[in-house]
Amino acid sequence: GAVVSQHPSWVICKSGTSVKIECRSLDFQATTMFWYRQFPKQSLMLMATSNEGSKATYEQGVEKDKFLINHASLTLSTLTVTSAHPEDSSFYICSASGTKDYEQYFGPGTRLTVT
Amino acid sequence: GQQLNQSPQSMFIQEGEDVSMNCTSSSIFNTWLWYKQDPGEGPVLLIALYKAGELTSNGRLTAQFGITRKDSFLNISASIPSDVGIYFCAGRDMKTSYDKVIFGPGTSLSVIP
């Protein structure tokens, strides 16, 4: 149990375009979803926390207009990177917590490369 | 802000050896979590600890919640090649919201067959 999926697993886009990443909890209801960013050989950096039906809470230094988060249902959250630039290239990982045991379970991550 | 320290930063061991790594914090935590991340994958929750002094096992893995509430350790017995990866500790302190956790910098484990 506690399976979280992400789609796509990798994406390459051109500078200036927008990219949407989906995060789904497959076998439990996710009352809270988290979005992290991870650079090579570094730890996970929390970008934002979202509760179903509410606006996301962004961490300090994370631009909310650039990283749009929607948590429309108890099983789906999306992260849209708007007007992507090469410096946005990174590994984006979502996690979900909820009705299983309130701990965070992670998706497999999405590798974003902006050219 | 809050920071966790993990040691060692990296380790290279022979297959079959036991491994020990730890995590410390400058403030009191009420939850300690241990995750493992394989290259190109998301972290997987290994063990969750909720009470000071708690000792919990998951197969060859054993973790303990330090009595001071400021540290935790993870032991792996009889290591095998698939134990290779990055091990992150994560904690939830008394002051942050219930949902958020803070991640340590990770311990990279390499197992030599």
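Residues numbered from 1 in each chain as written. Chains lettered and ligands numbered in written order. Predicted model: local features only at pLDDT ≥ 70, side-chain atom pairs only at ≥ 80, totals over all residues. Heavy atoms only, no water.

A.B. asks: Please clarify how the packing of aromatic side chains should be interpreted in this entry.
C.D. replies: In this description, an aromatic ring pair is defined by two values, namely the gap between the centres and the angle between the planes. Counted by the stated rule, this structure contains nine aromatic pairs over all chains. Measuring from centroid to centroid gives 5.8 Å for Phe 106 of chain A and Phe 103 of chain B, while their planes differ by 75°, and the two rings are edge-to-face. Pair noted here: Phe 106 of chain A is in strand β10 (residues 105-106) and Phe 103 of chain B is in strand β10 (residues 102-103), and the two residues belong to different chains. The class of Phe 103 of chain B is buried, set by a relative accessible area of 10%. Seen from their ring centres, Phe 29 of chain B and Trp 32 of chain B are 4.9 Å apart, and the 20° between their planes marks the pair as stacked. For the pair formed by Phe 29 of chain B and Trp 32 of chain B, the shared burial category is buried. (Phe/Tyr/Trp six-rings, centres within 6.5 Å; stacked < 30°, edge-to-face > 60°. Helix = DSSP H or I, 4+ residues; strand = E, 2+ residues; numbered from the N terminus. Buried < 20%, exposed > 50% of the residue type's maximum accessible area, 1.4 Å probe, protein only.)

A.B. asks: Any chance you could explain the environment of Ser 18 of chain A here in plain terms?
C.D. replies: Residue and element names in this part refer to chain A. Relative to the helices and strands, Ser 18 resides in the loop between β2 (10-13) and β3 (19-25). Distance in space between the C-alpha atoms of Ser 18 and Phe 34 is 20 Å, their sequence separation being 16 residues. A polar atom in the side chain of Ser 18 sits 3.4 Å from the backbone nitrogen of Ser 83. (Polar contact = N/O pair within 3.5 Å; in protein donor to acceptor, adjacent residues only side chain to side chain.)

A.B. asks: Is there a simple way to explain the sheet that holds strand β1 (residues 4-7) of chain A in this structure?
C.D. replies: Backbone hydrogen bonds hold the strands of a sheet together, and the pairing may be parallel or antiparallel. Residue and element names in this part refer to chain A. With respect to topology, four strands assemble into an open sheet ordered β1-β3-β8-β7, the strand pairing being antiparallel. The strands lining the two open edges of the sheet, one partner per strand, are β1 and β7 (67-73). Shown here is a sheet whose adjacent strand axes are inclined to one another by a mean of 15°, direction ignored. Relative to strand β8 (residues 76-81), β3 is paired through six bridges, and the arrangement is antiparallel. When the bridges of β8 are listed, Ile 21 appears paired with Leu 79. (Pairing = 2+ DSSP bridges. Axes fitted to C-alpha atoms, helices over the stretch in contact; angles between N-to-C directions.)

A.B. asks: Which parts of the structure should I look at to understand the interface of chain B and chain A?
C.D. replies: Interface size, as often reported, equals the accessible area lost upon joining of the parts. Every contact between the two is made by 19 residues of chain B and, on the other side, 21 residues of chain A. Roughly 1500 Å² is buried in total at the junction of chain B and chain A, and carbon and sulfur atoms are behind 52% of that figure. Considering only the surface of chain B that becomes buried against chain A, Asp 99, Lys 100 and Phe 103 of chain B emerge as the three largest contributors, covering 32% of it. On the surface where chain B and chain A come into contact, there are two salt bridges. The salt bridge involving Lys 100 of chain B is made with Glu 59 of chain A; its shortest N-O contact spans 3.1 Å. (Contact = heavy atoms within 4.5 Å. Buried area = accessible area lost by both parts, 1.4 Å probe. Salt bridge = Lys/Arg side-chain N within 4 Å of Asp/Glu carboxyl O.)

A.B. asks: Could you clarify how one ought to interpret the sheet that holds strand β7 (residues 61-65) of chain B in this entry?
C.D. replies: Residue and element names in this part refer to chain B. Taken together, the five strands give an open sheet; going across it, the order is β1-β3-β8-β7-β6, and neighbouring strands pair in antiparallel fashion. Where the open sheet ends on each side, the last strands, each with one partner, are β1 (4-7) and β6 (55-58). Shown here is a sheet whose adjacent strand axes are inclined to one another by a mean of 15°, direction ignored.

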